[in-house]
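Architecture and fold: a report
The residues making up each chain are set out below.
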Amino acid sequence: MRGHLILNYIKSFQVNNQKVTIQYEKGNIQATIMRSDIVRVVFDSKTSPTHSYAIENEKTEKTDYKVEKKANTIVITTDLLNIIIYPDKYIDVYNHAGEPLVLDYRGSRKKMVRDLSDQQTQLVVAEGHAIDSLVHSTNSQAVKVLHQNEHFYGLGDKTGFLDKRGYVYDNWNTDDPSPQVESFTRLYKTVPFLVGLNENRPFGLFFDSTFPSHFDLGKESNDYYVYTSSDDMLDYYIIGGSDMSDVIGAYTYLTGRTPLPQKWTLGYQQSRWSYESEEQVNYIANKMRKNKLPCDVIHLDIDYMNGFRVFTVNKANFPKFSSLIKRLNLEGYKIVTIIDPGVKRDEDYSVYADGIASDMFVKDAVGKVYQNTVWPGDAVFPDFGREKVRKWWADNIKFLTDQGVCGVWNDMNEPATFNGDIPSDVVFYDELKPATHLQMHNVYGHNMARATYRGLKEQTGARPFVISRAVYSGSQKYTTIWTGDNHSLWVHLQWMIPQLCNLGLSGFGFSGTDIGGFGGDTTPELLSRWIEAAIFSPLLRNHSTIGSRAQEPWSFGEPTLSIYRKYLELRYHLLDYLYDLFAQGSQTGLPIMRPLVLHYADDENTRTINDEYLVGENILVAPIVMPGIKKRLVYLPKGQWYDFWTNHMYIGQQTYVIDAPIEKLPLFVKGGTLLPWRPLTQSVNVTSENTITFKLYGNSGLYEHYQDNGLDFKYENGEYNLYEISVHNSILRVELTHFGYELPYTKITIDKNGSTTDFLWEANNKKYHLSN
Ligand code: GLC
């Protein structure tokens with residue numbers, strides 16, 4: 001504060017439970033201690049606060065803290081944070097060791113000026129170049145000190161590489177089908193959650209606003225980073241923690257965690273725009289089984305509907321829709337159907353007529369139902385911000401579940417429109433209050449996913465499987481996501497890793513890309529490398545656009561088909577490892593796919609690795625993401641790492657040259673791992689899972705394994721099993737530490753460097769004994 005002229009002094013402060021209100025000569029700030037590692041900061045504004053879409057229920061936990069006035073400042077101390085609030089509404093947050101986490105920048109912004117005359121601008125634009133806008137609404141803003149070695153992660157699905165420093169991003173859910181490049185500042189999702197790493201000190205900043213907002217992470221200046229918003233209200237959370245896992249844990253404590261999915265949703269999924277008839281669906285199902293390609297799901301894109309009318313089926317092409325689904329179920333397949341929000345304007349169509357009669361659709365400024373164009377032509381849009389509309393939509397899901405549909409894929413829910421953007425005076429409700437498109441746009445997909453989740457849950461009682469394109473922070477409670485319309489381009493394969501890793505750090509543990517690429521024509525090499533690279537992505541789906549070259553696994557013959565099969569088999573062998581990670585993630589908020597920096601932030605080398613990822617903590621994947629490459633450099637972090645294919649042991653904190661011919665994905669398992677390995681099946685069938693093997697890497701290990709019916713919510717009432725498997729000083733043990741699921745394994749095998757030991761279930765004693 002030295003040399004700074006104070007314009008707005010602190011007058012007083014009041015404490016109400018864990019909320020400290022600091023009164024200034026002009027205005028006030030509220031600092032709420034949510035927990036010892038989370039402080040919420042709210043600045044007074046013209047508008048009154050609305051409820052949060054991201055954070056449901058009261059999240060303030062009883063926490064010990066101290067607040068005192070020191071000279072001109074108010075100092076709030078918890079076990080983990082030291083928060084200093086200054087005159088002029090500056091706030092600095094330090095960790096308990098007194099090291100800086102998030103500090104307000106004291107200078108004024110020096111906005112970047114593009115040195116172009118009007119005439120030059122015209123010339124540049126005339127050739128077709130875009131000049132990115134430097135003007136962003138600053139109804140509210142936060143400007144923070146940028147440290148020299150600071151890195152940024154999170155922010156949802158933004159384009160580019162892992163570290164977001166130096167780039168700008170917008171939060172305005174957008175469907176832009178052109179090939180996504182680094183200059184795209186926005187995609188389908190709004191997750192205004194930034195994970196920072198300053199040296200080895202992680203922090204989180206969550207700006208809870210649905211309004212359009214903008215991040216400048218060191219493009220405008222090397223001295224500060226900025227969040228600006230068109231929202232009047234500045235309402236954000238500062239999160240501290242001793243490591244990045246704590247920060248993700250705290251953010252997902254606030255916004256919710258990816259729940260345990262049905263187990264089959266982790267199987268392979270085959271899609272295309274579109275399998276448009278029963279014959280085509282049967283053909284795909286048969287081809288999969290004939291080629292011994294494990295597969296659990298076939299997706300139906302928009303053409304299964306009657307003229308793109310949602311909640312209808314094209315009877316000409318699918319004359320026996322429900323019997324088709326029933327038969328496919330017996331063959332081990334589930335059917336997932338797409339549903340878009342745009343409802344066709346057609347008086348003779350019951351969903352439209354019913355929606356009009358019950359006032360379900362968004363209206364324009366003069367109260368007329370608002371219309372735009374999407375797949376079915378003229379369409380109207382359910383006003384998902386209202387409870388009544390969400391219930392209506394949830395009830396409509398019955399049409400699908402009654403016919404055996406097991407999951408719903410929500411698309412176009414930014415919402416996308418073909419006939420220009422939705423004007424800002426169109427009225428979207430925020431529950432019972434009229435609001436604007438500006439406020440409700442970024443939660444349109446979120447609210448649609450909530451409604452879909454609810455419909456599936458009410459109708460089936462199973463853990464809902466929803467896939468959504470547009471989301472907001474917190475949608476992870478209701479839906480999985482995919483990254484939308486990528487292209488069959490190597491750079492999009494390359495980006496899959498940072499994009500899914502950043503989504504994971506943003507709370508979205510269940511995510512995937514269109515394998516092979518959606519737009520454009522894939523090649524055998526790209527498809528092979530994509531299935532290798534993506535094999536641990538939680539949502540494993542091959543999908544492509546209409547008119548593109550076929551990219552089902554057999555489309556290119558050999559060797560692509562065998563490579564594809566090899567990796568699907570690997571996925572199915574390791575499915576329990578993924579399911580265990582989901583079980584853990586539902587408690588911790590940690591994702592399945594993780595950037596190395598999440599667990600090795602103290603190792604500088606990991607902070608910008610874009611082409612490797614961890615699966616949980618125990619598997620490291622180093623895919624080939626460029627054409628023609630047959631070997632690559634792999635950095636292994638600290639510890640011992642075993643080559644999955646050869647069992648060769650490598651010492652970490654070094655870079656190795658690893659061979660990777662077309663059929664090989666470089667894969668490593670951390671020393672000390674007991675990796676669950678299940679027998680190969682062509683689809684997931686939980687009730688037949690009665691044996692499992694744990695493969696030991698190294699000399700000793702300890703592993704906790706979770707098991708339940710993979711289907712419904714009975715696990716919430718204790719209907720699950722927990723196993724503790726250990727190898728220590730040559731003593732092998734298997735213990736059932738929680739018994740609640742009636743089908744424990746009959747045999748558990750520990751595989752120690754090729755020598756196996758079996759443990760058998762003793763039903764009478766409810767424990768495992770070593771087989772002789
Ligand atoms: C959008 C979706 C894509 C889908 C297509 C047709 O482009 O992103 O996945 O196939 O619409 O429904």
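No experiment lies behind these values; they were computed from the predicted model shown.

Topic: the pattern of salt bridges
- Applying the stated rule across the entire model yields 37 salt bridges.
- For the salt bridge of D157 with K189, the shortest nitrogen-to-oxygen distance reads 3.9 Å. One end of the pair, D157, is in the loop between β11 (150-154) and β12 (168-171); the other, K189, is in the loop between β12 and β13 (193-198), and 32 residues separate them in sequence. K189 matches D157 in its accessibility class, with the two residues each being buried.
- The partner of E458 in a salt bridge is R454, with the nearest N and O atoms 3.3 Å apart. Highlighted residues: E458 and R454, both in helix α9 (residues 444-460), separated by four residues, approximately one helical turn.
- Each of the salt bridges in this network shares a partner with another, and the network as a whole consists of D175, D411, E414, R469 and D485.

Digging into the sheet that holds strand β27 (residues 466-468)
- Here we have nine strands laid out as an open sheet, ordered β29-β28-β27-β24-β20-β19-β18-β31-β30, and parallel in their pairing. Single-partner strands in this sheet number two, and they are β29 (511-512) and β30 (514-515).

What to know about the site of the ligand
- Around the ligand sit W273, D301, I302, I338, W375, W409, D411, R469, W482, D485, F518 and H543, and that is every residue in its neighbourhood.
- Within the contact set of the ligand, an oxygen atom lies 2.5 Å away from a side-chain nitrogen or oxygen of D301.
- Taking D485, its side chain carries an N or O atom lying 2.5 Å from an oxygen atom of the ligand.
- Expressed as a share of its isolated accessible area of 310 Å², the protein-covered part of the ligand is 97%.
- Its residues assigned to classes, the shell around the ligand shows seven nonpolar, one polar and four charged.

Overview of the packing of helix α3 (residues 278-290) against helix α4 (residues 321-330)
- Viewed as axis vectors pointing N to C, α3 and α4 meet at an angle of 5 degrees, and their least axial separation amounts to 11 Å. Between α3 and α4, the angle is such that the two are roughly parallel. Side by side, α3 and α4 meet where E278, V281, N282 and A285 of the first sit next to F321, L324, R327 and L328 of the second.

Considerations on helix α1 (residues 118-126)
- α1 sits mainly on the outside: zero of its nine residues count as buried.
- Directly after α1, the chain includes G128, whose backbone phi takes a positive value near 105 degrees.

Remarks on the UniProt feature "domain: Glycoside hydrolase family 31 TIM barrel" (unreviewed entry) in the protein
- With numbering aligned to this structure, UniProt lists the feature "domain: Glycoside hydrolase family 31 TIM barrel" (unreviewed entry) at residues 258-581.
- End-to-end, the C-alpha atoms of residues 258-581 are 11 Å apart, and along that stretch the chain is 35% helix and 15% strand.

Side note on the domain arrangement of the protein
- Parsing the protein into structural domains produces domain 1 (10-103), domain 2 (264-341 + 387-413 + 444-590) and domain 3 (685-770).
- A straight line from the C-alpha centre of domain 1 to that of domain 2 covers 43 Å.

Re the pairing of strand β15 (residues 213-216)
- With burial as the criterion, each face of β15 is covered, one bearing S213 and F215 and the other bearing H214 and D216.
- Sheet topology note: the β12/β15 ladder contains four bridges and is antiparallel. Across the sheet, N171 pairs through a bridge with S213, a residue of β15.
- Two strands pair when backbone bridges link them, and β15 and strand β16 (residues 224-229) are joined in this way by four bridges, in the antiparallel orientation. Paired with F215 across the bridge in β16 is Y227.

Some words on the sheet that holds β16
- If you trace the four strands from one edge of the open sheet to the other, you get β10-β16-β15-β12, paired in antiparallel fashion. Among the strands making up the open sheet, the edge pair consists of β10 (140-145) and β12. Here the strands of the sheet are splayed against their neighbours by 10 degrees on average, with no regard to which way each runs.
- Two elements, β10 and β16, share six bridges in a ladder whose sense is antiparallel. Across the sheet, V143 pairs through a bridge with V226, a residue of β16.

Some details on the packing of helix α10 (residues 490-505) against helix α11 (residues 524-534)
- As a packed pair, α10 and α11 sit with axes 11 Å apart at the nearest point and diverge in direction by 5 degrees. Between α10 and α11, the interaxial angle falls into the category roughly parallel. In this structure, α10 uses W490, H492, L493 and M496 to contact α11, whose residues at the interface are E525, L526, R529, W530, A533 and A534.
- Residue composition of the contact of α10 with α11, by class: seven nonpolar, one polar and two charged.

Notes on the side chain of R469
- Residue placement: R469 occurs in the loop between β27 and β28 (480-482).
- Accessibility expressed as a relative area gives 1% for R469, which makes it buried.
- Reaching out from R469, the side chain makes a polar contact with the side chain of D411 at a distance of 3.2 Å.
- A distance of 2.8 Å separates a polar atom in the side chain of R469 from a polar atom in the side chain of E414.
- For R469, the residues in contact, after removing those within four places along its chain, are D175, Y188, K189, N410, D411, M412, N413, E414, A416, W482, G484 and D485.

A word on the nonpolar core
- In terms of nonpolar packing, the biggest core is built from 177 residues, with Y304, W393, F536, V615 and I748 touching the most fellow members.
- For this core, the leading source of residues is α10, giving eight residues.
- Not counting residues up to four positions away in its chain, the partners in contact with V615 are F536, Y577, L578, L581, I592 and V621.
- Counting residues in each nonpolar core, the second largest holds 35 residues, with I10, V39, F215 and Y236 among its members.

Structural notes on the pairing of β11
- Judged by how many residues are buried, β11 sits mostly within the fold: five of five residues are covered.
- The alternating pattern of β11 places E150, F152 and G154 and H151 and Y153 on opposite faces, both of which are buried.
- One ladder, built from five bridges, connects β11 with β13; its direction is antiparallel. Bridged to F152 within β13 is G196.

What about the packing of aromatic side chains?
- Counted by the stated rule, this structure contains 44 aromatic pairs.
- Ring geometry for F215 versus Y227: centroids 5.3 Å apart, planes at 55 degrees, classification tilted. Linking F215 in strand β15 with Y227 in strand β16, this pair joins segments that are twelve residues apart in sequence.
- Owing to a relative accessible area of 3%, Y227 belongs among the buried residues under this scheme.
- Aromatic side chains F644 and W645 sit 4.8 Å apart centroid to centroid with 85 degrees between the ring planes, which places their arrangement in the edge-to-face category.
- Its relative accessible area of 13% is what places F644 among the buried residues.
- Among the aromatic residues, those joined into a cluster by ring pairs are F311, Y352, F361, F384, W392, W393, F428 and Y444.
- For K457, the ring lying beneath its charged end belongs to F713, and the centroid distance is 4.1 Å.
- Across the ring face of W409, the terminal group of R541 is positioned such that the distance to the ring centre comes to 4.2 Å.

Some words on the environment of R165
- Its place among the elements puts R165 in the loop between β11 and β12.
- Residues R165 and N222, 57 residues apart in the sequence, show an inter-C-alpha distance of 9.8 Å.
- Ignoring any residue separated from it by four or fewer positions in sequence, one finds R165 in contact with L146, H147, Q148, N149, E150, F152, L217 and N222.
- A polar atom in the side chain of R165 sits 2.8 Å from the backbone oxygen of H147.

Here is what the cut-offs are and how they apply
- Residues numbered from 1 in each chain as written.
- Predicted model: local features only at pLDDT ≥ 70, side-chain atom pairs only at ≥ 80, totals over all residues.
- Heavy atoms only, no water.
- Salt bridge = Lys/Arg side-chain N within 4 Å of Asp/Glu carboxyl O.
- Helix = DSSP H or I, 4+ residues; strand = E, 2+ residues; numbered from the N terminus.
- Buried < 20%, exposed > 50% of the residue type's maximum accessible area, 1.4 Å probe, protein only.
- Pairing = 2+ DSSP bridges.
- Near = heavy atom within 4 Å.
- Polar contact = N/O pair within 3.5 Å; in protein donor to acceptor, adjacent residues only side chain to side chain.
- Areas by Shrake-Rupley, 256 points an atom, 1.4 Å probe, with all protein chains shown as cover.
- Nonpolar A, V, L, I, M, F, W, Y, C, P; charged D, E, K, R; others polar.
- Axes fitted to C-alpha atoms, helices over the stretch in contact; angles between N-to-C directions.
- Parallel < 35°, antiparallel > 145°, perpendicular 65-115°, else oblique.
- Contact = heavy atoms within 4.5 Å.
- UniProt positions renumbered as here; feature names shortened; annotations may be inferred.
- Domains from an automatic or database assignment.
- Core = buried A, V, L, I, M, F, W, Y, C linked by side-chain atoms within 4.5 Å.
- Phe/Tyr/Trp six-rings, centres within 6.5 Å; stacked < 30°, edge-to-face > 60°.
- Lys NZ or Arg CZ within 6 Å of the ring centre and 35° of its normal.

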